[in-house]
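Report on the structure
Read off the chains here:
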Amino acid sequence: EQVYGAPVVGEHGRWLGVVIVMHDISEIVRLEQIRKDFVANVSHELRTPITSIKGFSETLLDGAFKDEQMLLSFLTIIHDESNRIEVLVHDLLELSKIERHGFTLDIMPTKLQDILVRVVDLTSAQLESKHMQFDVDIEQDAVILGDVNRLMQIFTNLINNAIAYSKEETTVKLRISTNNDYGIFEVKDEGLGIEKAEISRIFERFYRVDRARSRNSGGTGLGLSIVKHLIEAHQGKIQVTSEVGKGTSMKVYLPLKK
Ligand code: ADP
């Protein structure tokens, strides 16, 4: 808190009193800290792949290019690391677009099962590469008011996470159901699980439970913050339950079209 005081002096220098202005700046300080952390995080996330691209290209230029095997392996690393930067910049732009004032959805009546069918198609290659399977259960027709592309983004993100944080040959359950007010989409994996204390943090920008694993799975740490924003823009909510070593369930609630 900042406090300013000033004397109030009347005619002939008569002392009338003091004006005190109190200004609560704790919120401003907090936001400023979040902004600083964000910039530091972005810089760090960019520096890692850039350092690697620079190092490997310099080694190649110093003569390693003459060894065909080294050439191939270093170029592959350079290519993968450039991809990482591309994904990161894409996610950052996406987040900034979603967080901007005036961000709007293209809302129309949408069947959750149609979204799910499309996303299952798009994510099946990743699933098969880990010899995993989907178990799809459309319990109830659910028509909600939503933005098709944004819903696909939400579903894709959650399903990709379920695959990324699971062992090979496990199953990812995908369920669509309803209650009185909401269409519900649940993704349930048999993966690593998340500690209780971490659950509330995974929606923070750049937060990862295990940085190294997230990096290997191609994650930027921004996926769930984007998901949360998009769900809230739909007047929906997300609920996470998890048990370490057993798996995680993420339930998305989206208002039904009445
Ligand atoms: P990332 O790009 O790292 O996947 P996200 O924002 O999508 O970033 O997720 C944040 C973190 O939450 C992940 O790094 C991971 O530690 C954890 N997480 C997300 N989904 C799951 C899941 N299904 N099982 C276990 N951990 C998860």
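For the protein, an unreviewed UniProt entry supplies the name histidine kinase and the organism Solibacillus palustris. One UniProt comment on the protein, placed under Subcellular location (unreviewed entry), says "Cell membrane". Per UniProt, the protein has the following entry under Catalytic activity (unreviewed entry): "ATP + protein L-histidine = ADP + protein N-phospho-L-histidine."

1. Quick notes on the packing of helix 2 (residues 68–99) against helix 7 (residues 223–233)
For the pair helix 2 and helix 7, the least separation of the axes is 10 Å and the interaxial angle reads 25 degrees. Between helix 2 and helix 7, the crossing angle belongs to the class labelled roughly parallel. Remark: the crossing between helix 2 and helix 7 carries left-handed chirality. Here helix 2 contributes Asp91, Glu94, Leu95, Ile98 and Glu99 to the contact with helix 7, which in turn contributes Ser225, Ile226, His229 and Leu230. Here the residues of the contact of helix 2 with helix 7 sort into four nonpolar, two polar and three charged.

2. Some words on empty space enclosed by the protein
As enumerated under the stated definition, the model contains one cavity of 30 Å³ or more in all. Looking at the largest cavity, its volume works out to about 40 Å³. Split by residue class, the lining of the largest cavity holds one nonpolar, two polar and three charged.

3. Regarding the sheet that holds strand 9 (residues 247–255)
Backbone hydrogen bonds hold the strands of a sheet together, and the pairing may be parallel or antiparallel. Across the sheet, five strands lie side by side as 4-6-7-9-8; this open sheet has mixed pairing. Two strands bound the open sheet, and with one partner strand each, they are strand 4 (133–138) and strand 8 (237–243). Each neighbouring strand pair of the sheet contributes to a mean axis angle of 15 degrees, computed without reference to strand direction. Taken together, the seven bridges between strand 8 and strand 9 define a ladder with antiparallel strand orientation. Directly across from Gln239, in strand 9, lies its bridge partner Lys251. Those strands touched by helix 4 (residues 148–164) are strand 4, strand 6 (171–178), strand 7 (182–188), strand 8 and strand 9, and its axis lies near 25 degrees from that of strand 7.

4. Some details on the packing of helix 3 (residues 112–129) against helix 4
Running from N to C, helix 3 and helix 4 cross one another at 40 degrees; their axes reach a closest spacing of 9 Å. On the basis of the axis angle, helix 3 is oblique to helix 4. The element helix 3 and its partner helix 4 pack so that their crossing is right-handed. Within the contact between the two elements, helix 3 uses Leu112, Ile115, Leu116, Arg118, Val119, Leu122, Thr123, Gln126 and Leu127 and helix 4 uses Val148, Leu151, Met152, Phe155, Thr156, Ile159, Asn160 and Ile163. The residue makeup of the contact of helix 3 with helix 4, split by class, is twelve nonpolar, four polar and one charged.

5. A look at the nonpolar core
Ranked by size, the top nonpolar core spans 45 residues in total, and within it Ile154, Phe155, Leu158, Ile159 and Phe185 carry the most contacts. Elements with a contribution of two residues or more to this core: helix 2, helix 3, helix 4, strand 6, strand 7, helix 7, strand 8 and strand 9. Broken down by element, the residue count for this core peaks at eight residues, all from helix 4. If sequence neighbours within four positions are ignored, Phe185 has contacts with Leu116, Phe155, Ile159, Leu174, Arg175, Ile176, Met250, Lys251 and Val252.

Conventions we followed
Residues numbered from 1 in each chain as written. Predicted model: local features only at pLDDT ≥ 70, side-chain atom pairs only at ≥ 80, totals over all residues. Heavy atoms only, no water. UniProt positions renumbered as here; feature names shortened; annotations may be inferred. Axes fitted to C-alpha atoms, helices over the stretch in contact; angles between N-to-C directions. Helix = DSSP H or I, 4+ residues; strand = E, 2+ residues; numbered from the N terminus. Parallel < 35°, antiparallel > 145°, perpendicular 65-115°, else oblique. Left-handed = near helix turned anticlockwise from the far one by under 90°. Contact = heavy atoms within 4.5 Å. Nonpolar A, V, L, I, M, F, W, Y, C, P; charged D, E, K, R; others polar. 1 Å grid on protein atoms, 1.4 Å probe; cavity = no way out; pocket = protein on both sides within 12 Å on 5 of 7 lines; lining within 4 Å. Points joined across faces, edges and corners; volume = space filled by probe spheres on them. Pairing = 2+ DSSP bridges. Core = buried A, V, L, I, M, F, W, Y, C linked by side-chain atoms within 4.5 Å. Buried < 20%, exposed > 50% of the residue type's maximum accessible area, 1.4 Å probe, protein only.

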